[in-house]
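Take a look at the letters that make up each chain.
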Amino acid sequence: MAKQDSIELEGTVTEVLPNATFRVAVNGGHEVLTTLGGKMRQFRIRVLAGDQVKIEVSPYDLTRGRIIYRHK
């Protein structure tokens, strides 16, 4: 799958789970299980409950995604 095929959404981290996994409430009422993207993991960007984030979701599985940006 090409990188352009992903869907970008905005939401709020509601729960921090083990192994760098997060539950994000997306604007619109859905819950997405996410992990940290590669550059965020590389530069050790901390994500806490309540943070506003931008996530990337595959069009094939809308329940899993990747956090690509944390808003300040």
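Residues numbered from 1 in each chain as written. Predicted model: local features only at pLDDT ≥ 70, side-chain atom pairs only at ≥ 80, totals over all residues. Heavy atoms only, no water.

1. As for the pattern of salt bridges
Which entries qualify depends on this criterion: We define a salt bridge as a side-chain nitrogen of Lys or Arg found within 4 Å of a carboxyl oxygen belonging to Asp or Glu. A run of H or I in DSSP becomes a helix once it reaches four residues, and a run of E becomes a strand once it reaches two; helices and strands are each numbered from the N terminus.
Taken as a whole and judged by the stated rule, the model has two salt bridges. Among the ionic pairs, Arg 23 bridges to Glu 15, the shortest N-O distance being 3.3 Å. In this structure, the salt-bridge partner of Glu 56 is Arg 66, at a minimum N-O distance of 2.5 Å. In this pair, Glu 56 sits in strand S4 (residues 52–57) while Arg 66 sits in strand S5 (residues 64–70), placing the two residues ten residues apart along the sequence.

2. Examining the environment of Arg 46
Quick reminder of the rule: Buried, partly exposed and exposed residues are distinguished by accessible area as a fraction of the type maximum, computed with a 1.4 Å probe on protein chains only: under 20%, between the cut-offs, and over 50%, respectively. Contact definition: two residues touch when any of their heavy atoms are within 4.5 Å.
With respect to the element layout, Arg 46 can be found in the loop between helix H1 (38–42) and S4. What makes Arg 46 exposed here is its relative accessible area of 67%. Expressed as a C-alpha distance, the spacing of Arg 46 and Arg 70, which sit 24 residues apart in the sequence, is 8.7 Å. When near neighbours in sequence (up to four residues on either side) are disregarded, Arg 46 contacts Asp 51 and Arg 70.

3. Examining unusual backbone geometry
The phi angle at Ala 20 is positive, at roughly 55°, despite the residue not being glycine. The topology assignment puts Ala 20 in the loop between strand S1 (7–17) and strand S2 (21–26). Positioned with a positive phi, Arg 44 is a non-glycine residue whose angle comes to about 55°. For Arg 44, a relative accessible area of 72% gives the class exposed.

4. Observations regarding the sheet that holds S1
What counts, and what does not: When DSSP finds two or more bridges between a pair of strands, those strands are recorded as paired. Lines are fitted to the C-alpha atoms to define the axes, a helix being fitted only along its stretch in contact, and any angle between axes, read from their N-to-C directions, falls within 0 to 180 degrees.
Spatially, the five strands close up into a barrel ordered S1-S2-S3-S5-S4, and their pairing is mixed. When the angles between neighbouring strand axes are averaged without regard to direction, this sheet yields 55°. As judged from the five bridges shared by S4 and S5, these two strands associate in the antiparallel manner. The residue bridging Glu 56 from the neighbouring strand is Arg 66, located in S5.

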